Amino acid sequence: MGCEESRVTAPTNGARNHTAWAPYSFFEAELDWETTGRPPFALLILNLQITNKKFFAALWKNSRLQVCADGGANRLYDSLDEKERAQFLPDRIIGDLDSVRDDVRAYYQARGVKITQDSDQDSTDFGKCMKYIATHDPPDSFVTPSTVQASLSAEGVRVQHPKMTVVALGGFGGRVDQSFHSIHAMYVAQQGPGLPRQMYLVSDQNVTFLLAKGLNLIRTPLSTLGPCCGIIPVGGPSTITTQGLEWNLTNAETKFGGLVSTSNHTVADDVSIETTEPVVFTIEFRDLDP
Ligand SMILES: Nc1ncnc2c1ncn2[C@@H]1O[C@H](COP(=O)(O)OP(=O)(O)OP(=O)(O)O)[C@@H](O)[C@H]1O
Ligand SMILES: Cc1ncc(C[n+]2csc(CCO)c2C)c(N)n1
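About the thresholds
- Residues numbered from 1 in each chain as written.
- Chains lettered and ligands numbered in written order.
- Predicted model: local features only at pLDDT ≥ 70, side-chain atom pairs only at ≥ 80, totals over all residues.
- Heavy atoms only, no water.
- Near = heavy atom within 4 Å.
- Polar contact = N/O pair within 3.5 Å; in protein donor to acceptor, adjacent residues only side chain to side chain.
- Areas by Shrake-Rupley, 256 points an atom, 1.4 Å probe, with all protein chains shown as cover.
- Nonpolar A, V, L, I, M, F, W, Y, C, P; charged D, E, K, R; others polar.
- Helix = DSSP H or I, 4+ residues; strand = E, 2+ residues; numbered from the N terminus.
- Buried < 20%, exposed > 50% of the residue type's maximum accessible area, 1.4 Å probe, protein only.
- Contact = heavy atoms within 4.5 Å.
- Salt bridge = Lys/Arg side-chain N within 4 Å of Asp/Glu carboxyl O.

What surrounds ligand 2 is the set Asp 96, Gln 121, Asp 122, Ser 123 and Thr 124. The contact in question runs from an oxygen atom of ligand 2 to an N or O atom on the side chain of Asp 96, over 2.7 Å. Within the contact set of ligand 2, a nitrogen atom lies 2.7 Å away from a backbone nitrogen or oxygen of Gln 121. Here ligand 2, which alone exposes 450 Å², has 41% of that area covered by the protein. Its residues assigned to classes, the shell around ligand 2 shows no nonpolar, three polar and two charged.

Our focus in this paragraph is the side chain of Ser 238. Residue position: Ser 238 is located in strand S13 (residues 238–243). For Ser 238, a relative accessible area of 1% corresponds to the buried category. Reaching out from Ser 238, the side chain makes a polar contact with the backbone nitrogen of Glu 277 at a distance of 3.0 Å. Discounting chain neighbours no more than four positions away, the residues touching Ser 238 are Ala 252, Glu 253, Thr 254, Thr 275, Thr 276, Glu 277 and Val 279.

This part covers the pattern of salt bridges. Counted by the stated rule, this structure contains eight salt bridges. In this structure, Glu 84 engages Lys 53 in a salt bridge whose closest nitrogen and oxygen atoms are separated by 2.8 Å. Here Glu 84 is found in helix H4 (residues 82–87), whereas its partner Lys 53 is found in helix H2 (residues 53–62), with 31 residues between them in sequence. Where Arg 219 meets Asp 270, a salt bridge forms, and the shortest distance between an N and an O atom there is 3.0 Å. Of this pair, Arg 219 sits in strand S11 (residues 214–219) while Asp 270 sits in strand S16 (residues 270–275), and the two are 51 residues apart along the sequence. According to the relative accessible area criterion, Asp 270 is partly exposed, its value standing at 43%.

Turning to helix H3 (residues 72–79), a few remarks are in order. Buried residues dominate H3, accounting for six of its eight residues. Three or more residues of H3 are buried, namely Gly 72, Ala 73, Asn 74, Leu 76, Tyr 77 and Ser 79. Buried residues belonging to H3 abut strand S3 (41–45), H2, strand S4 (65–69), H4, strand S5 (92–95) and helix H5 (102–110).

Residues in contact with ligand 1 amount to 16 residues; listed here are only the nearest, Asn 47, Asp 70, Gly 71, Asp 125 and Arg 175. Asp 70 is positioned with one of its side-chain polar atoms (N or O) 3.4 Å from an oxygen atom of ligand 1. Protein chains bury 85% of the 570 Å² of accessible surface belonging to ligand 1 in isolation. For the shell around ligand 1, the per-class residue count stands at four nonpolar, seven polar and five charged.

So yeah, pure geometry; function would need other evidence.
Pasting the structure below:
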């Protein structure tokens, strides 16, 4: 991967500077960034059972890089039959390797899958994988938001040099501490120099992501996503304005102990959420067996 990651695009329909999200695009076949807004992405397989094989296969096929976090390799191995297993070889298995089984490790090792042992006990296998994925970012991905803003006002165009997007499979629905760690990982992914890394956490029933400060435009095709969704102010109070929901909010403060929008419904194929602070957005899959 290299400079082909860079993009110069005119803002669509005069839309204000915004962060675009297209959660279902990662499952769709034969669509590319130009036509769907789907960026190249890495698939990160965490240590939770892979229950929806169709979803899994679509994500794998569309992803540019596949990484297993330690015991995630067991989940990959166990979800596939012998023939499939040989076709779905990950790029790498990373972690302290206290969870990957010996037979699974030997299987992948024999087929040339690189295995990286990092025994650090102050960081998680999830975090170790994120560091590895960052090594696949384009070399010029550290363009700063102010550079983007300057190019917008100077030429009316938007310059994007995005870091590789991450779609993580698993991460919610198991241990509660690990589930909170998954949210923490999305905050970490938005930090550092350059534009924030976009990350989607795909679990059995939902796709979840951390909206950036400012205006977020989210593709929410009613045929595939929703209706149930929520906006969760995990990092602290925020003021939000929404469109495309059954219960919209206008300049409303959301905070734990105050107003939190859960069990909301999408009523349009596009939702917009403007927020003064990052907030988690979660939406259910419409059809669990597409
Ligand atoms: N029960 C769970 N619920 C949610 N996520 C999980 C769960 N178990 C593992 N994960 C995710 O999968 C990754 C790999 O898990 P694995 O079981 O191999 O490591 P671990 O030793 O439990 O976790 P870590 O070493 O990262 O603390 C974890 O870093 C975590 O993100
Ligand atoms: C304050 C603090 N809390 C928990 C851990 C434990 N821990 C966090 S990540 C990790 C690796 C697991 O593979 C372990 C054991 C720590 N080190 N520091």
